[in-house]
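Single-letter residue listing:
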Amino acid sequence: MDSKTWVELNNGVKMPLLGLGVFRSQAGEETRSAVRTALEYGYRMIDTARIYCNERSVGRGLKDSVVPRDQVFVTTKLWKDDFDDARRGLEQSLERLGLDYVDLFLLHWPFKGFAQAYLVLEQLQKEGLCRAIGVSNFKQHHIEELFAAGATVMPQVNQVECHPQNSEDELLNFCCQRNIVVEAYSPLGGEGQTIMSDPRITSLAQYLKVTPAQVILRWNIQRGVVVIPKSIHAERIIENSQVFNFELSQDDMDTISSINGNLRRAYDSDRIDQRPASTFPKIVEEP
Ligand SMILES: NC(=O)c1ccc[n+]([C@@H]2O[C@H](COP(=O)([O-])OP(=O)(O)OC[C@H]3O[C@@H](n4cnc5c(N)ncnc54)[C@H](OP(=O)(O)O)[C@@H]3O)[C@@H](O)[C@H]2O)c1
């Protein structure tokens, strides 16, 4: 059984295959204790972003833990307000997190100016402010546009919506050829999802004596895709981490893959600049 819990990025940095997502975790005790609990139960990666408005709480959760800084992989993302000055964006995120560097810094969406912002990420990485750099919600053509604009570093990671209803096989192939690790956001389908009650998932879970969430997370991990399920509940945080002690057969993998219907819930990244400003979350500073 392949019990490897990490993947090597194209610059040699090791990234855990499982992490805790904190989108929609409330700033304050909710996020702080989710981070603390996750680290206590073996998670070694936390995924936050400027726009989640909980970086300070993530930082406090990290400080509460006895796990040394160099054993935790911390990701944050640049929001559109900082695309004109990615350095300022990262420095302010680091201040909120209480860290000297992040392990992964992502462009959150291909907002206007993304290629120029990426060139700054390359520089920030050289300076050691982020160990790995990457993109999120990027299609193949967005990645190609980086190089047309003068990029010299292949993104290490592309974080996209990816779960059995939206398996992103083509993008996965492209990223695999370019040595870009794909990281699945909303790996359980996101808030209000329906995947976990799909009979193909529930019957597999019953047969394997695991839970539907574990089946779904394991499917992506076996495809080499990093997963960052979000939960604020200790029992679910623990449940979601127990995905390295069983294996799906090729038949099981095929059954889950057959669920795909290209059902993306997130906004179309080609139209992100047209998304009405009022529909984006508002930035609220944490105490
Ligand atoms: N780059 C991007 O644009 C982007 C977009 C979206 C998300 N993300 C990242 O990806 C992470 C995960 O995505 P997500 O939060 O959208 O969705 P998700 O992790 O697929 O699903 C989270 C939802 O599932 C529930 N849940 C968690 N574990 C469960 C379990 N074992 N059984 C039943 N329900 C469970 C959670 O509820 P409770 O919390 O109440 O347990 C929450 O409502 C985010 O937190 C964020 O870090 C990135």
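Every value quoted in this text rests on a predicted model; they were computed, and no experiment measured them.

About the thresholds
- Residues numbered from 1 in each chain as written.
- Predicted model: local features only at pLDDT ≥ 70, side-chain atom pairs only at ≥ 80, totals over all residues.
- Helix = DSSP H or I, 4+ residues; strand = E, 2+ residues; numbered from the N terminus.
- Buried ≥ 20, exposed ≤ 12 C-beta atoms within 10 Å, placed from the backbone.
- Contact = placed C-beta atoms within 7 Å.
- Near = placed C-beta within 6 Å.
- Nonpolar A, V, L, I, M, F, W, Y, C, P; charged D, E, K, R; others polar.
- Pairing = 2+ DSSP bridges.
- Axes fitted to C-alpha atoms, helices over the stretch in contact; angles between N-to-C directions.
- Parallel < 35°, antiparallel > 145°, perpendicular 65-115°, else oblique.
- Right-handed = clockwise from strand over helix to strand, strands pointing away.

(A) Up close: the overall build of the protein chain. Counting its secondary structure elements, the protein chain contains 10 helices and 10 strands. In terms of its C-alpha atoms, the protein chain occupies a principal-axis envelope of roughly 50 × 40 × 40 Å. In the protein chain, which comprises 287 residues, the share counted as buried stands at 46%. A fraction of 75% describes how many contacts in the protein chain between residues 6 or more apart in sequence connect residues 24 or more apart.

(B) Inspection of the site of the ligand at higher detail. The immediate surroundings of the ligand are formed by 26 residues, with Gly21, Phe23, Tyr185, Leu188 and Lys230 found nearest. With three residues, helix 9 (residues 234-241) is the single largest residue contributor to the shell around the ligand. In terms of residue class, the shell around the ligand is made up of 10 nonpolar, 11 polar and five charged.

(C) Quick peek at the sheet that holds strand 8 (residues 157-161). Spatially, eight strands are ordered 3-4-5-6-7-8-9-10 in an open sheet, and the strand pairing comes out parallel. Of all the strands in the sheet, just strand 3 (20-21) and strand 10 (226-227) have a single pairing partner and so form its edges. With four bridges joining them, strand 5 (residues 73-78) and strand 6 (residues 102-107) adopt parallel strand pairing. Its bridge partner lying in strand 6, Thr76 is registered against Phe105.

(D) Fine view of the packing of helix 7 (residues 199-208) against helix 8 (residues 212-222). In contact at an axis separation of 8 Å, helix 7 and helix 8 are set at 100 degrees when each is read in the N-to-C sense. In terms of their interaxial angle, helix 7 and helix 8 are classed as roughly perpendicular. Contacts from Ile201, Thr202, Leu204, Ala205 and Leu208 in helix 7 reach Pro212, Val215 and Ile216 in helix 8.

(E) Molecular detail of the pairing of strand 5. Taken across its six residues, strand 5 has six buried, putting it largely inside the fold. Both strand 4 (residues 45-47) and strand 5 contribute to a ladder of three bridges, which runs parallel. Bridge pairing in strand 5 links Asp47 to Thr75. Note on the crossover from strand 4 through helix 2 (residues 55-64) to strand 5: the handedness is right-handed. A crossover links strand 5 with its parallel partner strand 6, the connecting element being helix 3 (residues 86-97), and its sense is right-handed.

(F) Focus on unusual backbone geometry. Residue Arg24 is not a glycine yet carries a positive backbone phi of 70 degrees. Along the chain, Arg24 falls in the loop between strand 3 and helix 1 (29-40). By the C-beta count within 10 Å, which is 14 here, Arg24 ends up partly exposed. One non-glycine residue with positive phi stands out, namely Glu168, at about 55 degrees. With respect to the helices and strands, the residue Glu168 is situated in the loop between strand 8 and helix 6 (169-177).

(G) Region of the structure containing the packing of helix 3 against helix 4 (residues 114-126). Here helix 3 crosses helix 4 at 55 degrees, and the two axes come no closer than 9 Å. Between helix 3 and helix 4, the angle is such that the two are oblique. Across the interface between the two elements, Ala86, Arg87 and Leu90 of helix 3 pack against Ala117, Val120, Leu121 and Leu124 of helix 4. Residues belonging to the contact of helix 3 with helix 4 are distributed by class as follows: six nonpolar, no polar and one charged.

(H) Local environment of helix 2. The element helix 2 is extensively covered by neighbouring structure, given that eight of its 10 residues are classed as buried. Every buried residue belonging to helix 2 is among Glu55, Arg56, Ser57, Val58, Gly59, Arg60, Gly61 and Leu62, and all of these are buried. Residues of helix 2 that are buried in the fold lie against helix 1, strand 4, strand 5 and helix 3.

(I) Examining the environment of Val35 more closely. Inspection of the secondary structure assignment puts Val35 in helix 1. On a C-alpha basis, the gap between Val35 and Lys63 in space is 9.8 Å, while along the polypeptide they are 28 residues apart.

(J) Quick look at the environment of Ser269. Tracing the sequence through the fold places Ser269 in the segment after helix 10 (250-257). The exposure class of Ser269 is buried, given the 20 C-beta atoms found within 10 Å. Along the chain, Ser269 and Asp252 lie 17 residues apart, while their C-alpha atoms are 31 Å from each other. If we skip the residues at most four places from it in the chain, Ser269 touches Trp109, Pro110, Asn137, Phe138 and Lys139.

(K) Highlighting the environment of Arg200. Among the secondary structure elements, Arg200 is positioned in helix 7. With 16 C-beta atoms packed within 10 Å, Arg200 lands in the partly exposed category. Put simply, Arg200 and Asn54 are 146 residues apart on the chain and 36 Å apart in space, counted from C-alpha to C-alpha. Beyond its immediate stretch of four places on either side in the chain, Arg200 contacts Thr255 and Ile259.

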